[in-house]
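Architecture at a glance
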Amino acid sequence: MSTSQPSHGSTGASGSEPIDLAVPQKNSVSLKVGMIGDAQIGKTSLMVRYVEGSFDEDYIQTLGVNFMEKSVNIRNTEIKFSIWDLGGQREFVNMLPLVSNDAVAILFMFDLTRKSTLNSIKEWYRQARGFNKTAIPFLVGTKFDAFAEMPDADQEEISRQAKKFAKAMKASLVFCSTKEMINVQKIFKIVLSKAFQLKLNMNEYTETGEPLLIYQQWS
Amino acid sequence: MKQYIRSADEEVQWSRFEQSLNGQRLVSGSSTTSTVSTATYLSDLDSSPDSDPSAFSSTPTSPSSPSPNRDKGQSSSQNSQEFLRLSVHNARRNTSLEVVTGQVDEPGSGSGSSSTSSTSSGSPSSRIRRRLSLRVPFLGFNRDAKSASQSEVPKQNHTQLNSNNGSPTSPTRIQVPKRLLEPSLLPLDESPISSRLTSLSLVDVELDETRTTGSPYKRINLSEYSLSSSSISSQASIPSCHRALLIPEILEIIIRYVDESNVIPHEIAQRRRKPLSLKHAMLIYGNAESARAAWSKVQREETTKQVRLGQLDESFFNGLYSCLLVSRLWHAISMEILHEKLHFKNETSWQKFVTSNGIANENKFSSRLPSVLVLHKIAEAKQIEVDLIGKKVGGKLKWLEFYTCPLIVPTRELLEGNSLTKIVLPGCSRVNDGVVALIAKMCPQVEHLDLRACDYVSDRGLKVLAKRCPGIKLLNVGRTQRGELITYRGIKHIARRTCVDTLGLAGCHINDRAIWELAIHRGPAIQRLSLNNCQFLTNNSIPRILGYTRNLCVLELRGCFQISDMRPIIQFKRYREMRGHPALIEGCELFELRMREAQWQMEVETSRQVIRDCLEWLYSEDSDVNYEKLRD
Ligand SMILES: Nc1nc2c(ncn2[C@@H]2O[C@H](COP(=O)(O)OP(=O)(O)OP(=O)(O)O)[C@@H](O)[C@H]2O)c(=O)[nH]1
Ligand SMILES: [Mg+2]
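Residues numbered from 1 in each chain as written. Chains lettered and ligands numbered in written order. Predicted model: local features only at pLDDT ≥ 70, side-chain atom pairs only at ≥ 80, totals over all residues. Heavy atoms only, no water.

Notes on the overall build of chain A
Condition: Think of it this way: any DSSP run of H or I at least four residues long counts as a helix, any run of E at least two long counts as a strand, and we number them from the N terminus. Only protein chains enter the accessibility calculation, which uses a 1.4 Å probe. A residue is then buried if its area is under 20% of the maximum for its type, exposed if over 50%, and partly exposed in between. Should any heavy atoms of two residues lie within 4.5 Å, those residues are considered in contact. Methods summary: accessible areas were calculated by the Shrake-Rupley approach with a probe of 1.4 Å, and residue burial reflects only the protein chains presented.
Of the regular secondary structure elements, chain A holds 6 helices and 7 strands. Seen in sequence order, chain A has helices and strands lined up from the N terminus as β-α-β-β-α-β-α-β-α-α-β-α-β. When the 219 residues of chain A are sorted by exposure, 50% land in the buried category. For chain A, long-range pairs separated by at least 24 residues make up 70% of all intrachain contacts whose partners lie at least 6 apart in sequence. When the accessible surface of chain A is split by element, carbon and sulfur atoms take 48% of a total near 10700 Å².

Considering the site of ligand 1
Residue and element names in this part refer to chain A. Under the convention used in this document: We call a residue near a given molecule or strand whenever any one of its heavy atoms falls within 4 Å of it. For the purposes of these results, a polar contact is taken to be a pair of N or O atoms within 3.5 Å, where, inside protein, one atom must be able to donate a hydrogen and its partner to accept one; residues adjacent in sequence count only when each atom of the pair is a side-chain atom.
For ligand 1, the set of nearby residues contains 22 residues, the closest of which are Ser45, Glu57, Tyr59, Thr62 and Gly88. For ligand 1, an oxygen atom lies 2.7 Å from a polar atom in the side chain of threonine 62. Within the complex, the protein chains bury 93% of what would otherwise be the 650 Å² of accessible surface of ligand 1. With 3 residues, the single largest contributor to the shell around ligand 1 is helix H1 (residues 43-52).

What about the pairing of strand E11 (residues 399-403) of chain B?
Residue and element names in this part refer to chain B. Inclusion rule: Pairing between strands requires that DSSP locate at least two bridges from one strand to the other. The path from the first strand over the helix to the second decides the hand: if it runs clockwise while the strands point away from the viewer, the crossover is right-handed.
Counting buried positions along E11 yields 5 of 5 residues, so the element is predominantly enclosed. Both faces of E11 are covered, namely the face carrying Trp399, Glu401 and Tyr403 and the face carrying Leu400 and Phe402. Both strand E10 (residues 372-376) and E11 contribute to a ladder of 5 bridges, which runs parallel. Bridging from a neighbouring strand, histidine 376 pairs with tyrosine 403 of E11. Taken together, E10, helix H13 (residues 383-393) and E11 constitute a β-α-β crossover, and its handedness is right-handed. In the sheet, E11 pairs with strand E12 (residues 422-424) via 3 bridges, with the strands oriented parallel. What sits directly across from tryptophan 399, in E12, is lysine 422.

A closer look at the coordination of the magnesium ion (ligand 2)
Residue and element names in this part refer to chain A. Spelled out, the test is: Donor criterion used throughout: N, O or S atom within 2.8 Å of the metal, extended to 3.2 Å for Na, K and Ca. Water excluded; incomplete-looking sites may result.
Coordination of the magnesium ion (ligand 2) by the protein comes from Thr44 (OG1) and Thr62 (OG1), over a distance range of 1.9 to 2.0 Å. Note that threonine 44 is positioned in helix H1 and threonine 62 in the loop between H1 and strand E2 (65-74), a separation of 18 residues in sequence. The class of threonine 62 is buried, set by a relative accessible area of 9%.

With respect to the sheet that holds strand E4 (residues 105-111) of chain A
Within a sheet, each strand pairs with its neighbour through backbone hydrogen bonds, oriented either parallel or antiparallel. Residue and element names in this part refer to chain A. An order of E2-E3-E1-E4-E5-E6-E7 is seen for the 7 strands of this open sheet, with the pairing classed as mixed. Edge positions in the sheet fall to E2 and strand E7 (213-214), since each of these pairs with one other strand and no more. Here strand E5 (residues 136-142) pairs with strand E6 (residues 172-175) via 4 bridges, running parallel. Paired with valine 140 across the two strands is valine 174, which belongs to E6.

Some details on the confidence of the model for chain A
All names here are of chain A. Our working rule: A residue's pLDDT is the confidence the predictor assigns to it, expressed on a 0 to 100 scale.
Per-chain confidence: chain A averages 89 in pLDDT, with 92% of residues scoring 70 or above. Looking over chain A, one finds the lowest element-wise mean pLDDT in E7, namely 92, and the highest in E4, namely 97. Note on residues 1-14: pLDDT under 50 across the span, and 20 contacts to partners over four residues away in sequence or across chains.

Regarding the side chain of arginine 576 of chain B
Within the secondary structure, arginine 576 of chain B sits in helix H20 (residues 567-578). Among all residues touching arginine 576 of chain B, those that are not within four sequence positions of it are Arg550, Asn551, Leu552, Cys553, His581, Pro582 and Ala583 of chain B.

Some remarks on the interface of chain B and chain A
Under the convention used in this document: Note on terms: buried area is the combined drop in 1.4 Å-probe accessible area of two parts once they are placed together, counting the loss on both. Note on definitions: salt bridges are taken to be side-chain nitrogens of Lys or Arg within 4 Å of carboxyl oxygens of Asp or Glu. Gly is placed with the polar residues, together with every amino acid not listed as nonpolar (Ala, Val, Leu, Ile, Met, Phe, Trp, Tyr, Cys and Pro) or charged (Asp, Glu, Lys and Arg).
Each partner contributes to the interface: chain B provides 40 residues, whereas chain A provides 46 residues. For the chain B and chain A pair, buried surface summed over both sides reaches about 3700 Å², with 58% attributable to carbon and sulfur atoms. Looking at the side of chain B facing chain A, the largest losses of area belong to Trp617, Leu618 and Tyr627 of chain B, adding up to 21% of the total buried there. Between lysine 186 of chain A and aspartate 622 of chain B there is a salt bridge, with the nearest N and O atoms lying 3.5 Å from each other. At the boundary of chain B and chain A, one finds 17 residue pairs in polar contact (both at pLDDT 80 or more). For the side of chain B that touches chain A, the secondary-structure elements that each account for two or more residues are helix H17 (488-497), helix H18 (512-521), H20, helix H21 (589-619) and helix H22 (627-631) of chain B. By residue number, the principal contributor to the side of chain B that touches chain A is H21 of chain B, which donates 11 residues. In the side of chain B that touches chain A, the residues fall into 20 nonpolar, 8 polar and 12 charged.

Observations concerning the packing of helix H15 (residues 433-442) of chain B against helix H16 (residues 459-468) of chain B
Residue and element names in this part refer to chain B. The criterion, for reference: Axes here mean lines fitted to C-alpha atoms, for a helix over just the part in contact, with angles spanning 0 to 180 degrees between N-to-C directions. Throughout, the term roughly parallel applies to angles under 35 degrees, roughly antiparallel to angles over 145, roughly perpendicular to angles from 65 to 115, and oblique to all others.
Remark: H15 packs on H16, axes separated minimally by 9 Å, with the N-to-C direction vectors making an angle of 0°. In terms of their interaxial angle, H15 and H16 are classed as roughly parallel. Each of Asp433, Val436, Ala437, Ala440 and Lys441 in H15 lies in contact with H16, whose residues at this interface are Arg460, Gly461, Val464, Leu465 and Arg468. Of the residues belonging to the contact of H15 with H16, the class tally is 5 nonpolar, 1 polar and 4 charged.

Thoughts on the sheet that holds strand E16 (residues 528-530) of chain B
Residues and elements named next belong to chain B. Here we have 10 strands laid out as an open sheet, ordered E9-E10-E11-E12-E13-E14-E15-E16-E17-E18, and parallel in their pairing. Only two strands of the sheet have a single neighbouring strand rather than two, namely strand E9 (341-344) and strand E18 (584-586). For this sheet the average axis-to-axis angle between neighbouring strands, irrespective of direction, equals 5°. By the bridge criterion, 3 bridges tie E16 to strand E17 (residues 554-556) in an arrangement that is parallel. Pairing of arginine 528 across the sheet is with valine 554, part of E17. Sheet contacts for helix H11 (residues 328-340): E9 and E10; angle to E9, the most-contacted strand, approximately 60°.

Structural data, given as structure tokens:
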């Protein structure tokens, strides 16, 4: 039952509650991250793992471009990563601009267990830079769990090469394992800290045999 | 002015008119007056062959080529011509009328251009401005063999006309509803029209409005027009004239349509006021380029103002004036329509009107009383003249405007009739509380009352107004003098008793309490507030009440120097922006500067907060495997 109050004025416009203008609005930070690299190295897996937390052993080839969003809410701020993942087959290279244009960071990814995928980085880097010269570069080696099983000499060799590449690219270097959840979230934390030039306190790993995490050199 | 064109024979009129189509009269006309309008009559197919509609139709596929003398006539005319083209098409039971208005631009050498281009034959560039199609079902009673055999052709012609859509406006189609097609209403024989059209009215006419929004033309509402037997005229003997055009009501629709484009200029609510200086423009627009553009536009406008107004006046009523020349019936109807809107913009036309309708003339003004009376900047207009005219034309006015006519005030007769909703009297310095009280008494239905620079109007006037006119939506008592006459005491009543949503209080000595009254009593209804130079307003009103007036879309605060708490104002702006209805809040240079500073401050605070939150996330624990622990 509702009883209407006799209105003061002739039109009944009175009595409506004022809105509170001082209610703080949510701040929002939005970052686009591109992922590129050869086929079957684990790009899509990394994205799905970070956004949804799940991991699948089966390989499903990415046709064209994948896109996912991950929001992190912290107090009054929403940090939103839009992650763009390009299929590694050469035929999708024409969609490279879609992934790299106005990305804040580009993850150049390779499979730690296949040296050829590291060598491809040169070409990926050259092409992506053509579209976006300002994106913060990352060199990301995947499948660290499998890599750790490889002979020490091979590990030594790949690590040495990767460091060399990262230096040339002025990129942060991360070895990660999607499967074992090693250095997955760290990648995105580094992206944010680099984008806003915020100081990070995470330990770096620089020794062969460790999941390399080198991010302080080029800031 | 009231006399019909006297002619012994209507046929003479028609032939004169036909002649004018051939261009001869046009040429002579255009040499004397700067703009000449022509009315082109396209006869229907029942008429004589030499008025073949296709010759005038603006279609490329016109089967017959235009006659040479027409070409000559048109090409020798130099000016651009307004035209009204009317075509009637018979098809079975439907009669469709099409009215097209537009402009023909004549280049110097236009001959030999009867090409297959999409422009009208013989005239290289004809711009169709508007088009009206009327379908009149009950007129298709001509069942003789002649019209039946030709009933296919007009259809074709009709579509051709419609297909010429080079114009920006698309056709407006008016259809008479099905139920008017009752068999009993359909004519079966050749009995006089009047006997069959008794009290038929064109109600609920569907109007298929396909025009883009923002078109300056209003909707045509046909519900007002009723067909009754009484007024069917007996002038049925004009040759080559379609019957449809002999029914005054149909003719009226057509002429009214022509009149639609004769918009009496009225002040449009300004979206944004001009910047006061280049620096001010910089503060408003934020970047040098658009600021400079806006500022130079202001300076340009000052020099071209005069010219623009002049041009506007020239094109006025041209369409209707040419309708006066068609025939007696056309003249009569056009005259009536002309008399419905009285608009005077110079002393001469006002004087002429006063003389012809003053004491000397005992006649009634017109069969219909005007709904509009506008006097624009007629500084010499005298009260005695208004008294006289008021007796003649008062009674049905909906819109009364004396725009800067300092010597006159509205009379009782002008305010009579309970129909006035819009009264505009800016700069009529004789308007005082007495006049306002008279308005309040005579026009309780008034919605729009503009009393800008009516310096003698005071709180007492407002109180009476508020008491008698609860329907007021717009009230403007802005002024530069005698601001002390309008205070909280008057506004209180307006806020409590009326449904005002737009209020002009520039220069009034209102205080914070007045604003609070408005916020509390009118709150969400308030849309526009002009508070320029209300020097007594402080941070205790505007910055505090914006939460109540959530629909406020224009707020003018120039010269309100005491208002310095910008934060709530910025928050309000953001609130409106987020909802997709940005509010325009205007102030002077100092105000804009304060806004900028506050905005900057708020942005700094926001980014500090963002950084703090981001850091908190960066330093927080995550679900990555802790490699150090794994190693141990
Ligand atoms: N052992 C191990 N396998 C992984 C890891 N990440 C991905 N994989 C496997 O690698 C295969 C390829 O993964 P995807 O993410 O689909 O590869 P992609 O780079 O997206 O391939 P394209 O879409 O063709 O470019 C899948 O079978 C994954 O299960 C990891 O960290 N460790
Ligand atoms: Mg993939």
